[in-house]
Amino acid sequence: MAPWVLHVDLDQFLAAVEVLRHPELAGQPVIVGGRGDPTERAVVSTASYEAREFGVRSGMPLKLAVRKCPGAVLLPVDAPAYEAVSAEVMDTLRHVDGAVVEVLGWDEAFVGVDSDDPEATAREIQRRVLERTRLHCSVGVGDTKVRAKIATEFGKPRGTFRLTRDNWVEVMGHRPTSAIWGIGSRIEARMTALGISTVDDLAHADEGALVTAFGPTMGPHYRRLGRGVSSARVDDTPWVARAHGRETTYQRDLTDPDEIASAMRALADQVADDITAEGRACARVHLKVRFAPFFTTTRIRKLPEPTFDPALIAATALDLLTGLADPRPIRLLGVRAEMVAPEGGYADPRTTGRGGPSARASGTGGASESGPTQAGT
Ligand SMILES: [Mg+2]
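It should be emphasised that the depicted structure is a prediction, and the values quoted were computed from it without experimental measurement.

Trainee: Lay out the packing of helix H1 (residues 13-21) against helix H4 (residues 79-94) with the relevant residues and their values.
Mentor: One way to put it is that H1 packs onto H4 with a least axis distance of 11 Å and a crossing angle of 95°. When the interaxial angle is binned, H1 and H4 end up roughly perpendicular. Judged by residue contacts, Phe 13, Leu 14, Val 17, Glu 18 and Arg 21 of H1 engage Ala 81, Tyr 82, Val 85 and Ser 86 from H4. Within the contact of H1 with H4, the residues separate by chemical class into six nonpolar, one polar and two charged.

Below you can see the structure in the form of structure tokens.
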């Protein structure tokens with residue numbers, strides 16, 4: 001019996017949950033996003049496969065999505081409903097013999113198993129999830145987490161795919177570096193500037209050059225990713241939050257200083273409630289701001305003393321904003337409180353992609369245009 005990493009990912013999750021409770025929508029283009037209102041600033045959280053045929057993608061502004069697929073049925077994000085179904089899926093996975101389950105989000109998880117036939121285990125997982133929830137999932141089979149996660153995309157929808165050291169070069173070598181989980185378009189662009197265009201280029205890149213460009217930690221990390229090398233340890237220790245954040249996209253840009261200050265205070269009040277519920281004070285304040293038309297930046301400040309005080313958190317965030325000295329109208333504000341570590345510190349080192357949704361839409365001033373999109377595949 002060899003150890004394997006399986007990556008389980010529900011297919012078109014949010015849309016599939018909606019079709020289960022609205023059977024008349026089966027086979028139709030369905031778009032889930034924001035409050036389901038295309039006149040508002042919000043993004044697509046999930047598009048059904050039928051809607052994707054029109055070019056609709058998760059993360060796309062709702063307005064554009066509706067223009068691309070005028071016949072689509074548009075539905076609001078219903079987080080409690082998706083969380084309830086997600087809990088059933090994760091419970092099903094935890095009942096697989098010998099499985100260690102690491103939840104990555106509403107609709108995906110790593111499952112560590114020892115198996116002689118991981119594909120059979122994957123199909124058994126698909127059968128059980130379908131039986132329990134009537135939802136289809138795809139399963140990537142890998143010998144590391146990064147390979148398993150990438151493999152899933154090749155098995156979608158409703159399939160399985162194996163990606164290991166044996167077929168990594170053949171399957172991934174010719175692809176752009178952004179095909180690797182953990183490398184986004186910005187890093188890809190910087191790599192291209194270094195003459196590293198493909199996964200194979202990255203796997204064979206000069207480590208010194210990578211260290212110079214990305215630093216002593218991320219340089220070697222990216223080179224390992226180029227080979228599909230990452231942790232293979234599936235970790236089911238419950239996630240301990242490092243921070244709580246809230247953000248809002250305003251339906252009308254903010255320009256008035258008083259309005260900005262009270263919007264910041266509203267976010268800080270909610271964040272203060274979140275960290276108070278968690279019982280750990282705020283040590284560092286993170287500001288996120290998106291200026292019109294669509295320029296986003298962040299700033300962080302360490303507090304002299306940890307605090308639960310929303311006024312202090314709001315004042316710090318506001319001071320960071322003033323420090324930017326940017327007169328442009330504000331489209332989105334986000335406040336995040338990075339908490340003091342729990343007694344004894346954090347058990348598990350940060351693993352890529354772990355930890356659930358980063359910032360919750362605050363609900364004041366409308367939906368966040370960076371709503372939940374992790375269920376987009
Ligand atoms: Mg999915």
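The discussion continues.
Trainee: Give a description of a positive patch on the surface that names residues and reports values.
Mentor: Positive charge collects at one region of the surface, where Arg 57, Lys 63, Arg 67 and Lys 68 lie side by side. Relative to the helices and strands, Arg 57 is located in the loop between helix H2 (49-52) and helix H3 (62-68). Judged by its relative accessible area of 44%, Arg 57 falls in the partly exposed class.

Trainee: Can you explain the sheet that holds strand E7 (residues 137-142)? Please cite residues and give values.
Mentor: With mixed pairing, five strands are arranged side by side in an open sheet as E5-E6-E1-E7-E8. Both outer strands of the open sheet, strand E5 (100-105) and strand E8 (160-163), are each paired with one neighbouring strand and no more. Strand after strand, the sheet turns through a mean of 20° between neighbouring axes, direction not considered. Summarising the sheet, E5 and strand E6 (residues 108-115) pair through five bridges and their orientation is antiparallel. Across the sheet, residue Val 100 finds its bridge partner in E6, namely Gly 112. Along the sheet, helix H5 (residues 118-133) contacts strand E1 (2-10), E6, E7 and E8; its crossing angle with E7, the most-contacted strand, is approximately 160°. Of the strands in this sheet, E1, E5, E6, E7 and E8 are in contact with helix H6 (residues 145-155), which crosses E7 at around 140°.

Trainee: Break down the sheet that holds strand E2 (residues 30-33) for me, with residues and values.
Mentor: Spatially, the three strands line up as an open sheet ordered E3-E2-E4, and their pairing is mixed. What marks the edges here is a single partner per strand, and that holds for strand E3 (44-47) and strand E4 (73-75). Going across the sheet, the axis of each strand differs from the next one's by a mean of 25°, ignoring polarity.

Trainee: Could you give me a rundown of the pattern of salt bridges, with the residues and numbers involved?
Mentor: The tally for this structure, following the rule as stated, stands at 26 salt bridges. Close ionic contact of Glu 338 with Arg 284 constitutes a salt bridge, the shortest N to O distance being 3.1 Å. With a gap of 54 residues between them, Glu 338 in strand E12 (residues 330-339) and Arg 284 in strand E10 (residues 282-291) connect regions that are remote in the sequence. Its relative accessible area of 18% is what places Glu 338 among the buried residues. The class for Arg 284 is partly exposed, based on a relative accessible area of 31%. One connected set of salt bridges, linked through shared partners, spans Glu 124, Arg 127, Arg 128 and Glu 131.

Reading the values: the criteria
- Residues numbered from 1 in each chain as written.
- Predicted model: local features only at pLDDT ≥ 70, side-chain atom pairs only at ≥ 80, totals over all residues.
- Heavy atoms only, no water.
- Axes fitted to C-alpha atoms, helices over the stretch in contact; angles between N-to-C directions.
- Helix = DSSP H or I, 4+ residues; strand = E, 2+ residues; numbered from the N terminus.
- Parallel < 35°, antiparallel > 145°, perpendicular 65-115°, else oblique.
- Contact = heavy atoms within 4.5 Å.
- Nonpolar A, V, L, I, M, F, W, Y, C, P; charged D, E, K, R; others polar.
- Patch = residues over 30% accessible without salt bridge, like charges linked within 9 Å, V, L, I, M, F, W, Y side chains within 5 Å.
- Areas by Shrake-Rupley, 256 points an atom, 1.4 Å probe, with all protein chains shown as cover.
- Salt bridge = Lys/Arg side-chain N within 4 Å of Asp/Glu carboxyl O.
- Lys, Arg positive; Asp, Glu negative; His and termini not counted.
- Charge placed at Lys NZ, Arg CZ, Asp CG, Glu CD.
- Buried < 20%, exposed > 50% of the residue type's maximum accessible area, 1.4 Å probe, protein only.
- Pairing = 2+ DSSP bridges.

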